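Architecture and fold: a report
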Amino acid sequence: MKKSIAFLICSSLYAGSALAQSQSFQLSPDSAETIIQGCKQNARAKQQSHAIAVYDKGGNLVAALRMQGNGPGVMAFSQAKAKAVSSWGFSTAGMEEAVQNTPGFANAPFVVTVAGGVAVYTADGGNLIGSVGVSGEAPVDDAACAVAGIEAAGLSETRTSK
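My aim in this report is to walk through the structure given alongside it, one point at a time.

Cut-offs used in this document
- Residues numbered from 1 in each chain as written.
- Predicted model: local features only at pLDDT ≥ 70, side-chain atom pairs only at ≥ 80, totals over all residues.
- Heavy atoms only, no water.
- Helix = DSSP H or I, 4+ residues; strand = E, 2+ residues; numbered from the N terminus.
- Expected span 1.5 Å × (residues − 1).
- Buried < 20%, exposed > 50% of the residue type's maximum accessible area, 1.4 Å probe, protein only.
- Contact = heavy atoms within 4.5 Å.
- Disulfide = S-S within 2.5 Å.
- Salt bridge = Lys/Arg side-chain N within 4 Å of Asp/Glu carboxyl O.
- Polar contact = N/O pair within 3.5 Å; in protein donor to acceptor, adjacent residues only side chain to side chain.

The end-to-end C-alpha separation of helix H2 (residues 29-45) is 24 Å, in line with the 24 Å expected for 17 residues at 1.5 Å each. Among the residues of H2, Ala-32, Ile-35, Ile-36, Gly-38, Cys-39, Lys-40, Asn-42 and Ala-43 are the ones counted as buried. Of the surrounding elements, those touching the buried residues of H2 are strand S1 (51-56), strand S2 (61-66), strand S3 (117-121), strand S4 (128-135) and helix H5 (139-152). Taken from the residues just after H2, Gln-47 is the one with a positive phi, measuring 55°.

With that settled, consider the state of the cysteines. Counted under the stated rule, the structure contains 1 disulfide. Note that Cys-39 is cross-linked by a disulfide to Cys-145, the S-S spacing being 1.8 Å. With the S-S bond torsion at 110°, the cross-link from Cys-39 to Cys-145 turns out right-handed. Remark: Cys-145 occurs in helix H5 and Cys-39 occurs in helix H2; sequence separation between them is 106 residues. Of the two residues examined, Cys-39 and Cys-145, each falls in the buried class.

Take the pattern of salt bridges next. Applying the stated rule across the entire model yields 1 salt bridge. Two residues, Asp-142 and Lys-81, come together in a salt bridge whose shortest N-O distance is 3.2 Å. Taken as a pair, Asp-142 in helix H5 and Lys-81 in helix H3 (residues 72-88) lie far apart in primary sequence, 61 residues in all. Taking relative accessible area as the criterion, Asp-142 reaches 2% and is therefore assigned buried.

The next point concerns the side chain of Ser-78. Tracing the backbone through its elements, the reader meets Ser-78 in helix H3. Using a relative accessible area of 0% as the deciding quantity, one classes Ser-78 as buried. Polar contacts involving the side chain of Ser-78 include one to the main-chain carbonyl oxygen of Met-75, which spans 2.7 Å. The contact partners of Ser-78, leaving out residues within four places of it in the chain, are Ala-51, Ile-52, Ala-53, Gly-133, Val-134 and Ser-135.

Structure, rendered in structure tokens:
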């Protein structure tokens, strides 16, 4: 009986520790909202208007904003960019390069070859936690808006080696 209780306690501690570790590498709704606000501030400073979508690493929409002046197609494109990055784990600008260097990649699912989809990593750059897709302006401005949002949340758009 004592061995069973000790096993249950140890098992519970291990499970709780594993759960805490997996939760620490998830994009929270608060962080997603901060990304949106940071991107929005960047856009306003440049007198631009974007549609912004934030996805978790599983490819699920966490937060979105369609700024004034953008139609539903622009919002759908921002979502496609974010979904692509969550699916592949690297930016849509990188996908443009990959299409040129990897035969058949252009026909793979969830590939978007227009800049504006950016990966979201933990602050230390060690773990992919989601993605941001931005559309509505020139692709370079879309990508810059995504990066501004990620930085506003205290997260990283760059993966670092551990």
